[in-house]
Amino acid sequence: MLLDADLTGHTVLVLGEAHASRRALRRYAAAGATVRAATSPAEAAGVDLDGVSLAVAVADGDPAWRPHVTDLGRRRVVVTEQAAAPGGQIVLVGGGPGTPELLTVAARTALREADVVLHDRLSPWRELRELTGGAELVDVGKRPGHHAVPQAQIEEMLIAHARAGKTVVRLKGGDPFVFGRGREELGAALDAGIPVSVVPGVTSAIAVPASADIPVTHRDVTHTFTVVSGHAPLTDAEHAHLAGLGGTIVVLMGIGTLNHLLAGLRRAGLRDTTPVAVVERGYRMDQATTYATLGEAARGAVAGCASPAVVVIGEVVRLGRGCPAELAGAVDTLAGASA
Ligand code: SAH
């Protein structure tokens, strides 16, 4: 709900052109009020004020409305003002790793003002009713037994809603520009000539390891971290490159190709004692972290882990919460490495 007040039992009159008023109409209806609308000055002149406790004037600068607004005050109706809703636009919003606690202020504002929200399953979609003011919610993500809406169709939907004059939020898990096809959606909006903006989000690449107290960098341990997509298997050149960097490796969408990656990193010379953590379902009640060495992981120690999960490979893993003593004991520090 948008307004904190419960307006059940109240009748609210909204004055303003239909398109400009849509946000006010939705907001007061979501707060429980019975909403009456006057969409032209002529309609306002004849409106039934019986039971109306509050009037909302949607400011559009049109002086034709002014006498009607003044008249309401004289007739002892409380009048408040609200800005006119803008024309069609698209906002690409990073929803963070799945808890509303990790939404940014800008993300919350965008959700509050949305007419339509297209969301997937890694964003905090369960809480969208409370985070929006009665917006239409469209699930375009993958669910067990259902297919995700194809990307081209998502882009068509975004544009169709915006062309209908709506404020459309595309809510994505984490950050929209980290393996999220955010730039494709931005490009589709730009090509269609629709106003579009991006609200960055807290990426799972950093936040999910953090939920297990694993820092992706540490002054004494590593000053490099690389975020890799496991969506498609890496080549041996990429394995060699990653192993050669010597920093933290963070893998998203990595469960399906994990065996391939672990084998490739070993072939590329990463030591079997290198620690690995798989953090499953970050920020959910059933979050779990599994620790192993690279050698153990390659022999099946993390085989039971399921998506969504973030895989972390590197010395920083030893600092993680719940890391077994035999792994945690021997952090290979930068000082140690250069000594
Ligand atoms: N744009 C997103 C990433 C999209 S790729 C971001 O910045 O976070 C989807 C992958 O993100 C998943 O396969 C998983 O590896 C990771 N992920 C997202 N949320 C997660 C969570 N709550 N717990 C574990 N992994 C998560």
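In this text, all values refer to a predicted model and were calculated from it rather than measured experimentally.

**A short note on the nonpolar core**
Reasoning step 1: Membership of the largest hydrophobic core comes to 22 residues, with the highest contact counts inside it found for L261, L265, V278, V311 and I313.
Reasoning step 2: Considering every element that reaches this core, the biggest residue donor is helix α10 (residues 258-267), with four residues.
Reasoning step 3: If you look at the next biggest cluster of nonpolar residues, it comprises 17 residues, including A205, V279, V316 and V317.

**Notes on the packing of aromatic side chains**
Reasoning step 1: Under the counting rule described, the total for this entry stands at zero aromatic pairs.
Reasoning step 2: Lying across the ring of W125, R121 places its NZ or CZ 3.9 Å from the centre.

**What about the sheet that holds strand β5 (residues 89-94)?**
In any sheet, the strands associate via hydrogen bonds between backbone groups, in a parallel or an antiparallel arrangement.
Reasoning step 1: An order of β7-β6-β8-β5-β9 is seen for the five strands of this open sheet, with the pairing classed as parallel. Either end of the sheet is taken by a strand with one partner, and the two such strands are β7 (136-139) and β9 (196-199). Pairs of neighbouring strands in the sheet enclose a mean axial angle of 20 degrees, with direction left out of account.
Reasoning step 2: Of the strand pairs in this sheet, β5 and β9 are connected by four bridges, and their pairing is parallel. Each bridged residue has a counterpart across the sheet, and for V91 the counterpart in β9 is S197.

**Overview of empty space enclosed by the protein**
Reasoning step 1: The final tally for this structure, using the stated rule, is one cavity of 30 Å³ or more.
Reasoning step 2: If you go around the largest cavity, the residues you meet are V228, S229, G230, A232, P233, L234, V251, T257 and L261.
Reasoning step 3: Its residues placed into classes, the lining of the largest cavity shows six nonpolar, three polar and no charged.

**Topic: the environment of G320**
Reasoning step 1: Position of G320 among the secondary structure elements: in the loop between β14 (309-313) and α12 (325-328).
Reasoning step 2: Separated by 215 residues in the primary sequence, G320 and V105 place their C-alpha atoms 29 Å from one another.
Reasoning step 3: For G320, the residues in contact, after removing those within four places along its chain, are A212, D213, I214 and Y291.

**Side note on the sheet that holds β14**
Reasoning step 1: With respect to topology, five strands assemble into an open sheet ordered β10-β11-β14-β12-β13, the strand pairing being mixed. Across the chains shown, the open sheet's two edge strands, defined by having one partner strand only, are β10 (225-229) and β13 (288-293). Within this sheet the neighbouring strands show an average axis-to-axis angle of 20 degrees, counted without direction.
Reasoning step 2: One ladder, built from three bridges, connects strand β11 (residues 248-252) with β14; its direction is antiparallel. Along β14, the bridge assignment pairs V250 with V312.
Reasoning step 3: This element, helix α8 (residues 204-211), spans β10, β11, β12 (275-280) and β14 of the sheet and lies at about 80 degrees to β14.
Reasoning step 4: Packed onto the sheet, helix α11 (residues 294-301) meets β12 and β13 and runs at close to 115 degrees relative to β13.

**Some points on the pattern of salt bridges**
Note on pairing: side chains with opposite charge can pair once their charged atoms come close.
Reasoning step 1: In the structure shown here, the tally under the stated rule is 16 salt bridges.
Reasoning step 2: As a salt-bridge pair, R26 and D115 come within 2.4 Å of each other at their nearest N and O atoms. In this pair, R26 is assigned in helix α1 (residues 18-30) and D115 in the loop between α4 (105-113) and β6 (116-119), connecting sequence segments 89 residues apart. The exposure classification of R26 matches that of D115, with both residues buried.
Reasoning step 3: A salt bridge links E184 to R181; its shortest N-O distance comes to 2.8 Å.
Reasoning step 4: The exposure class assigned to E184 is partly exposed, which follows from its relative accessible area of 36%.
Reasoning step 5: By relative accessible area, R181 is classed as partly exposed at 44%.
Reasoning step 6: Each of D120, R170, K172 and E185 takes part in salt bridges that share partners, so that together they form one network.

What counts as what
- By convention here, each chain's residues receive numbers from 1 onward along its written sequence.
- The model is predicted, so local features are restricted to residues of pLDDT at least 70 and side-chain atom pairs to those at 80 or more, both for listing and for counting; the totals for chains, interfaces and linings are taken over all residues.
- To get the side-chain values, all heavy atoms of the structure are used, and hydrogens and water are removed first.
- For this analysis, a nonpolar core means a set of buried residues of the types Ala, Val, Leu, Ile, Met, Phe, Trp, Tyr and Cys, connected via side-chain atoms within 4.5 Å.
- Burial status follows relative accessibility: with a 1.4 Å probe on protein chains alone, a residue under 20% of its type maximum counts as buried, one over 50% as exposed, and anything between as partly exposed.
- Numbering of helices and strands runs from the N terminus, with a helix taken as a DSSP run of H or I at least four residues long and a strand as a DSSP run of E at least two residues long.
- Aromatic rings from Phe, Tyr and Trp, with only the six-membered ring used for Trp, were paired whenever their centres fell within 6.5 Å, and each pair was classed as stacked if the ring planes differed by under 30 degrees, edge-to-face if by over 60, and tilted otherwise.
- Sitting over a ring, as applied to charges here, requires NZ of Lys or CZ of Arg to be within 6 Å of the ring centre and within 35 degrees of the ring normal.
- Strand pairing is assigned whenever DSSP identifies at least 2 bridges connecting the two strands.
- All axes are obtained by fitting lines to C-alpha atoms, using only the stretch in contact for helices, and the reported angles, taken between N-to-C directions, cover 0 to 180 degrees.
- Detection works on a 1 Å grid of protein atoms alone, calling trapped sets that fit a 1.4 Å probe cavities and calling open sets with protein on both sides within 12 Å along at least five of seven lines pockets, with lining residues defined by an atom within 4 Å of a point.
- Grid points are joined across faces, edges and corners, and a volume is the space filled by probe spheres set on the points.
- Gly is placed with the polar residues, together with every amino acid not listed as nonpolar (Ala, Val, Leu, Ile, Met, Phe, Trp, Tyr, Cys and Pro) or charged (Asp, Glu, Lys and Arg).
- Only heavy atoms matter for contacts: two residues are in contact if any of them lie within 4.5 Å across the pair.
- Note on definitions: salt bridges are taken to be side-chain nitrogens of Lys or Arg within 4 Å of carboxyl oxygens of Asp or Glu.

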